[in-house]
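Reading the structure
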Amino acid sequence: MKLTREEIEQVAELAHIALGEDEIIELHNQFNDFIQFVETINDINTDDVEPTYYLLPLKNVWRPDQHHQPLAPDEVFHNTHEHDGGFFKVPRIL
Amino acid sequence: MVEYEAVIGLEVHVELRTKTKAFCSCPNEFGSEPNSNVCPICLAMPGTLPVLNKSLLEYGIRTGLALNCEIAHFCKFDRKNYFYPDLPKAYQLSQSDFPLCLHGYLDVETDLETRRIRINRVHMEEDAGKLVHGEGNADYSLVDLNRGGVPLLEIVTEPDIRTPEEARLYLENLKAIIQYLGVSDCKMEEGSLRCDANISLRPVGTDILNTKVEIKNMNSFRAVQRALEGEIERQHGLYETGESIIQQTRGWDDVTGTTSLMRTKEEAADYRYFPDPDLVPIHLTSELVESIRKGLPELPAARKERFMDDFGLPAYDAGVLTSSRELADYFEKCVSDYHDPKKVSNWVMVEFLRLLNTHNMEVRDAKLTPSHLVEMLQLMDQGTISGKIAKTVFEEMFATGKKAGIVVEEKGLLQISDESKLAEMVEAVLSAHPEVVEDYRKGKGKALGFLVGQVMKQTRGKANPQMVNKLLLERI
Amino acid sequence: MDIFDLTAHQLADMLKKRETTAIEITRSVLERIQKVDHDIRAYVTLTAEQAIESAKEVDDNCKEKISPLAGIPAGLKDNICTKEVRTTCCSRMLENFVPPYSATVVERLNQVGAVITGKLNMDEFAMGSSTEYSAFFPTHNPWDLDRVPGGSSGGPAAAVAAGEAIYAIGSDTGGSIRQPAAFCGIVGLKPTYGLVSRYGVVPFASSLDQVGSLTKDVRDCSMVMNVIAGQDSKDSTSAPVDIPDYTSFLTGEIKGKKIGVPRELLDGLDPKMADTFKKALKKLEELGAIVDECSFPHAEAAVPAYHIIAPAEASSNLARFDGVRYGHRAVPEQGKDYDLVEMYMKSRGEGFGPEVKRRVLLGTHFLSTGNYELYYLKALKVRTLIIEDYQRLFREYDVLVTLTTPDLPFKLGRKIDDPLALYHSDSYTIPVNIAGLPAISLPCGFVDGLPVGMQVIAPAFAEGDLLQVAYAFEQNTPYHKQRPPLKKETAKGSES
């Protein structure tokens, strides 16, 4: 299934990644080659085959309901570009 | 003319009162300093991994059992992917195709009948953080992630609800059950219980499902009822004028009492669900489920039955008293020390609830304890105080938390039962109102009441009413 | 041999006999870095001061008694979080990110007194097989500076091969430890999925990623596994298995071991590579192993399945990089403003390099409405078939052997223009990740003066068998003793 340029742009919007014009052109070419390649998987018959959701036969892993020490404020915001009075700051949401 | 009925389904999110968050060990607390209950995991710092809180699973199973659900033998967590600043991982851990609980129901009693509302599913997920919008024209919003990762149950009904009133009743019942289970405090104003509604209309007698509208942002049970009433009217209007209903999400505004368009279906997000490879699946044995079932507390419906059977209460009283676990516990503590459940019921239902409502308090906040109430009832029985005075004593106890005896003493509210003292007052009243005495003799029964009232007025209500009655009758 | 050229077990013996000190070893490695890293460019962040401090602590407290890894300098791939030390994933997105926590694997190394010399270069977010997709600079192969060291753990492999670290820790999603180990002539182990904790290791694809070691020989590999393997309560997918002493499998004895060689992976091999591989198989037979060709019918399907599953998971794993709490945040142009979505899109558009964008977009596409069943679910079904292939094979064979990669290390810049060709270069290693199995790459010869790696694959949690076969081969061949001919005094500025 070939993707149009518009579809590439829609995917970029869904993934929240801004693309420059040259990037869109490049990706458009590569995308379709690549999708053609992965679609070779369709040559394989998977009727009656169950998908493998989990690699290991692990189940029921949980922890007791006991709390740990949360992060200190200077550690919370150490890597933060914009923060204000104990909050992370983002452009206004309408 | 076509008559329409509403087809309503509710989605309720309940924040669980576990000690810690769903997938990390940060405290699950309301009202802390912003971003003080956060760690690398709930801040979604790179490389961190979730580990399931066992209490979330247990609370989920308890709730499912109380709602008569089947508990799944297999369930898993999926990622629901979308970008928003209150969702640090940019995916919410939720359950998509294999939820924890399926196919339950909840019975609600309307004035006319018992309605069974089927529960489609109950699943586990995590809450998002909170956004605070800058004041005025500020060009920023602020993010607090204390709530991010707090465990939630999403409880989804089938479209079985037919009226806004049924929706409210369903919510009240659901809240009572969840509070009984002790898994959430269900405070809608703090957001620990949230409700979205789906509603469509159809001609009565058909079973078609028309285009539905989702309503969000309702902040009280009353708001849910009002919003649904408004939406029925809006959709009805559209059908009447032959317009079509567009699938959409509408937001409730409590101030204006109306809903407005938030988004249409075309704008709906693509959540790209897939199983979270960082968590492992859950396989539940019947032994585990049964052990949790055995630990379930008595639920509201059963307790109501028992109150009617054991205490001889009318259905109405039993219903009101068992509507909250705390209130029912309060009542039971009183009757364990007092012989007349109906009398207790009257005081709890009328005076106690009235004062709680007036002061916007919860049962647990009340200073007036069950033993205080019992002591007051005993003082009444002994004739130490009259029923009228008791009301004053009750209010004083409610306000101060003092014991009944002390209130009576401090306020000088002891009943006057001294016969000679009362006889003097009766004489005085009789001679001051000869015309009333005359009326009584002519057969006006009400006149006696006036005379009793005069004596009570002079004693500021403290006179023993039976004795005053007797003394008056002797002298007329 | 210089100290930096020795193995961890040789150094541990010397420490035990008091023939050297942790400080001396650490200084030797740090000096080596000083000397050669401007040519190799393996290090992204050097932690020389902390390394000296840790070494001092080992010497002062006789920590060498705790573990043979005490006092031995190691490097970490830069997607492994280190408390208070910058962890970048070699991305602009995390260029200045300093985590307030360490990965479990780092904590385990710290507990035994390991000396961490710094953070090593990699393809951005581990996406690539040449280390050319590092946002900072490419790393050079110590055997030929004009060639790539492989990837994505190119920094770790080059550092170990060049004596800039005695061993290193990397991660492997589709061959990211084994292929660079092969390209750099060292030993690389990708353990069974779930054997080593992933906590604190920035994920590429959660169901494929596994943390492992890059060492100079098989004994070092066993020693590192002794420290890093084991269940971790912070990683729900880590397995509750008993950890043996992996060095106990190093008997040198493989008589009667049944070794399968999937014939599907022999087609179209370069004749020199094929010849090297044949010689290696012959050596295994000489040592008493029974070597047989076998059939691995779904080998070919593993590559497209991988290239659906990995980007799909990556698209979700990398969604958290939004510039809100940490990481690159785009700033609006002077006098302009942006809204929330623009902030997200620009931050991610600027923060991610081309390969990461390509994979995140592909993954987003594969998971979106209507495509999930077509691609993702289909790939998970193919995954089942591949697992079944292996199960069938391991009923007959103790281990499987292949070349690690059909390629020799390629020239820098040669393949970067053709991402599809790069993807193919991982086709021998990818099926192993798809099935979550353990596999080791070890040197098995040279072609045109460049190292060639052989891959040994075992059933889940049978790392012992892997190490046994690998050790026997290694001890009867000379390749692991060879060091790249880096001049002692390389001229500055010779890099491309």
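Provided above is the structure to which this section pertains.
Residues numbered from 1 in each chain as written. Chains lettered and ligands numbered in written order. Predicted model: local features only at pLDDT ≥ 70, side-chain atom pairs only at ≥ 80, totals over all residues. Heavy atoms only, no water.

**Brief notes about the overall build of chain B**
- Of the regular secondary structure elements, chain B holds 15 helices and 17 strands.
- Taking 23 Å as the expected radius of gyration for a compact globule of 476 residues, we find that chain B reaches 29 Å, considerably beyond that expectation.
- Oriented by its inertia axes, the alpha-carbon framework of chain B measures out at about 90 × 60 × 55 Å.
- In chain B, which comprises 476 residues, the share counted as buried stands at 54%.
- Contacts spanning at least 24 positions in sequence make up 69% of the contacts within chain B whose residues lie at least 6 apart.
- Here chain B has roughly 21100 Å² of accessible surface; of this, 49% comes from carbon and sulfur atoms.
- Separation between the mean location of the 57 positive side-chain charges and that of the 74 negative ones in chain B comes to 3 Å. (Helix = DSSP H or I, 4+ residues; strand = E, 2+ residues; numbered from the N terminus. Rg over C-alpha atoms; globule rule 2.2 N^0.38 Å. Buried < 20%, exposed > 50% of the residue type's maximum accessible area, 1.4 Å probe, protein only. Contact = heavy atoms within 4.5 Å. Areas by Shrake-Rupley, 256 points an atom, 1.4 Å probe, with all protein chains shown as cover. Lys, Arg positive; Asp, Glu negative; His and termini not counted. Charge placed at Lys NZ, Arg CZ, Asp CG, Glu CD.)

**Here we look at the layout of surface pockets**
All names here are of chain B.
- Considering only enclosed or pocket space, the second largest pocket measures out at about 1900 Å³ in volume.
- Contributions of two or more residues to the lining of the second largest pocket are made by β7 (101-109), α2 (164-181), α3 (221-240), α5 (300-311), α6 (315-321), α7 (325-336) and α8 (341-358).
- With 8 residues, α2 is the single largest residue contributor to the lining of the second largest pocket.
- Looking at side-chain class alone, the lining of the second largest pocket contains 22 nonpolar, 11 polar and 16 charged residues.
- Split by domain, the lining of the second largest pocket shows at least three residues from each of two domains, domain 1 (4-289) and domain 2 (299-411). (1 Å grid on protein atoms, 1.4 Å probe; cavity = no way out; pocket = protein on both sides within 12 Å on 5 of 7 lines; lining within 4 Å. Points joined across faces, edges and corners; volume = space filled by probe spheres on them. Nonpolar A, V, L, I, M, F, W, Y, C, P; charged D, E, K, R; others polar. Domains from an automatic or database assignment.)

**Topic: empty space enclosed by the protein**
Residue and element names in this part refer to chain B.
- A full pass over the atoms with the stated rule returns 8 cavities of 30 Å³ or more.
- Within this model, the largest cavity holds a volume of roughly 170 Å³.
- Surrounding the largest cavity, 20 residues form its lining, I41, C42, K89, E126 and G149 being those nearest its centre.

**Considerations on the sheet that holds strand β16 (residues 274-275) of chain B**
- Ordered in space as β6-β5-β16 (chain B), the 3 strands form an open sheet in which the pairing is antiparallel. Two strands close off the open sheet at either side, each with one partner strand: β6 (91-94) and β16 of chain B. (Pairing = 2+ DSSP bridges.)

**Details of the interface of chain A and chain B**
- Facing the 31 residues of chain A at the interface are 52 residues of chain B.
- Regarding the contact of chain A and chain B, the summed buried area is about 3700 Å², with carbon and sulfur atoms giving 65% of it.
- Along the contact surface separating chain A from chain B lie 21 residue pairs in polar contact (both at pLDDT 80 or more).
- If you list the elements that add at least two residues to the side of chain A that touches chain B, you get β1 (62-63), α3 (73-76) and β3 (87-91) of chain A.
- The leading source of residues in the side of chain A that touches chain B is β3(A), at 5 residues.
- Along the lines of polarity and charge, the residues of the side of chain A that touches chain B split into 17 nonpolar, 7 polar and 7 charged.
- As judged from the 4 bridges shared by β3(A) and strand β10 (residues 140-144) of chain B, these two strands associate in the antiparallel manner. Across the sheet, residue A:P91 finds its bridge partner in β10(B), namely B:Y140. (Buried area = accessible area lost by both parts, 1.4 Å probe. Polar contact = N/O pair within 3.5 Å; in protein donor to acceptor, adjacent residues only side chain to side chain.)

**What about the nonpolar core?**
- Grouped together as the largest cluster of nonpolar side chains are 208 residues, with contacts concentrated most on C:F125 and C:L284.
- Leaving out residues up to four positions away in the same chain, C:F125 has contacts with C:C89, C:S91, C:M93, C:L94, C:V202, C:F204, C:L318, C:F321, C:F352 and C:V356.
- Residues B:L56, B:M188, B:V363 and B:M380 belong to the second largest nonpolar core, which totals 104 residues. (Core = buried A, V, L, I, M, F, W, Y, C linked by side-chain atoms within 4.5 Å.)

**Here we look at the pattern of salt bridges**
- For the structure shown, the criterion picks out 57 salt bridges over all chains.
- Across the salt bridge formed by B:K342 and B:D317, the nearest N and O atoms sit 2.6 Å from each other. Taken together, the residues B:K342 in helix α8 and B:D317 in helix α6 connect sequence positions 25 residues apart.
- One salt bridge connects C:R92 with C:E95, and the closest N-O pair in it is separated by 2.8 Å. (Salt bridge = Lys/Arg side-chain N within 4 Å of Asp/Glu carboxyl O.)

**Description of the interface of chain C and chain A**
- Across the contact, 68 residues belong to chain C and 49 residues belong to chain A.
- Overall, the association of chain C and chain A removes approximately 4900 Å² of surface from exposure, summing both partners, and the carbon and sulfur fraction of that is 73%.
- The three residues of chain C that bury the most area against chain A are C:R329, C:M345 and C:L361, which together make up 14% of that side's buried surface.
- On inspection of chain C and its partner chain A, the count reaches 2 salt bridges.
- Measuring nitrogen to oxygen at the nearest pair gives 3.5 Å for the salt bridge that ties C:R329 to A:E82.
- On the surface where chain C and chain A come into contact, there are 15 residue pairs in polar contact (both at pLDDT 80 or more).
- Contributing elements (two or more residues each) for the side of chain C that touches chain A: α9 (299-317), α10 (340-351), α11 (354-367), α12 (372-396), α13 (419-424) and α14 (430-435) of chain C.
- Broken down by class, the residue content of the side of chain C that touches chain A amounts to 40 nonpolar, 18 polar and 10 charged.

All quantities given are derived from atomic positions and should not be read as evidence of function.
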